[in-house]
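# Report on the structure
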Amino acid sequence: MKNTINLLTGSVKLYLGLLIISTAGILYATLFPTNYEVPQSFYGLDKVVHFIMFGAWTFFFGIVRFLKNNYKLLSVFIVAVIFGITIEILQHWLPTGRSFELYDLLADFAGTAVAILTLYILSKTVPQFSSN
């Protein structure tokens, strides 16, 4: 258990790197033009991808803030929600062949909510992530 906690609290640089990589991955996956047809069997799978991408992004962002002694999860949630909304608005306005999808946004919010819940549990169980 101690090794797991050491891994979690190890390095702000590691989580900052993961946050940057996940940000770039989200921007690439959601804003670059598409010129392919998605097979019918994959419809709905993109919602799972949105859930995972935004959940991971929110988790990395929250851990970076924890390691910098900022424990306010509401601000993490707000920034993640604004990021998701911004992506969907940009998909609507940019000439990428993509469009705003409410279910993508809901998947983003769900991933964010699960990450916030995970961070909240960590803040209550891992002393290094507690403001007390």
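Residues numbered from 1 in each chain as written. Predicted model: local features only at pLDDT ≥ 70, side-chain atom pairs only at ≥ 80, totals over all residues. Heavy atoms only, no water.

With that settled, the discussion passes to unusual backbone geometry. With a phi close to 60°, Asn 69 is a non-glycine residue in the positive phi region. Along the chain, Asn 69 falls in the loop between helix H3 (45-67) and helix H4 (73-93). (Helix = DSSP H or I, 4+ residues; strand = E, 2+ residues; numbered from the N terminus.)

A word on helix H5 (residues 102-125). Taking 1.5 Å of rise per residue, 24 residues should cover 34 Å, and H5 covers 35 Å from first to last C-alpha, within 8% of that figure. Taken together, the buried positions of H5 are occupied by Asp 104, Leu 105, Ala 107, Asp 108, Gly 111, Thr 112, Ala 115, Ile 116, Leu 119, Leu 122 and Ser 123. (Expected span 1.5 Å × (residues − 1). Buried < 20%, exposed > 50% of the residue type's maximum accessible area, 1.4 Å probe, protein only.)

On the surface, Leu 45, Val 48, Val 49, Phe 51, Ile 52 and Val 114 cluster together to form a nonpolar patch covering roughly 480 Å² of accessible area. Position of Phe 51 relative to the elements: it lies in helix H3. Here Phe 51 falls in the partly exposed class, since its relative accessible area comes to 33%. (Patch = residues over 30% accessible without salt bridge, like charges linked within 9 Å, V, L, I, M, F, W, Y side chains within 5 Å. Areas by Shrake-Rupley, 256 points an atom, 1.4 Å probe, with all protein chains shown as cover. Salt bridge = Lys/Arg side-chain N within 4 Å of Asp/Glu carboxyl O.)

For the rest of this paragraph, the subject is the packing of aromatic side chains. Per the counting criterion, the structure on display carries six aromatic pairs. Centroid distance Trp 57 to Phe 61: 5.2 Å. Interplanar angle 25°. Geometry classified as stacked. Placement of the pair is Trp 57 and Phe 61 together in helix H3, with a separation of four residues, close to one helical turn. Phe 61 matches Trp 57 in its accessibility class, with the two residues each being buried. (Phe/Tyr/Trp six-rings, centres within 6.5 Å; stacked < 30°, edge-to-face > 60°.)

Here the focus is the packing of H4 against H5. Between H4 and H5, whose axes approach to 10 Å, the crossing angle comes to 165°. Between H4 and H5, the angle falls in the class roughly antiparallel. Considering how the two elements wind past one another, H4 and H5 form a crossing that is right-handed. Residues Leu 73, Val 76, Phe 77, Ala 80, Val 81, Gly 84, Ile 85, Glu 88 and Gln 91 of H4 form the contact with H5, whose participating residues are Asp 104, Leu 105, Asp 108, Phe 109, Thr 112, Ile 116, Leu 119 and Tyr 120. Considering only residue class, the contact of H4 with H5 consists of eleven nonpolar, three polar and three charged. (Axes fitted to C-alpha atoms, helices over the stretch in contact; angles between N-to-C directions. Parallel < 35°, antiparallel > 145°, perpendicular 65-115°, else oblique. Left-handed = near helix turned anticlockwise from the far one by under 90°. Contact = heavy atoms within 4.5 Å. Nonpolar A, V, L, I, M, F, W, Y, C, P; charged D, E, K, R; others polar.)

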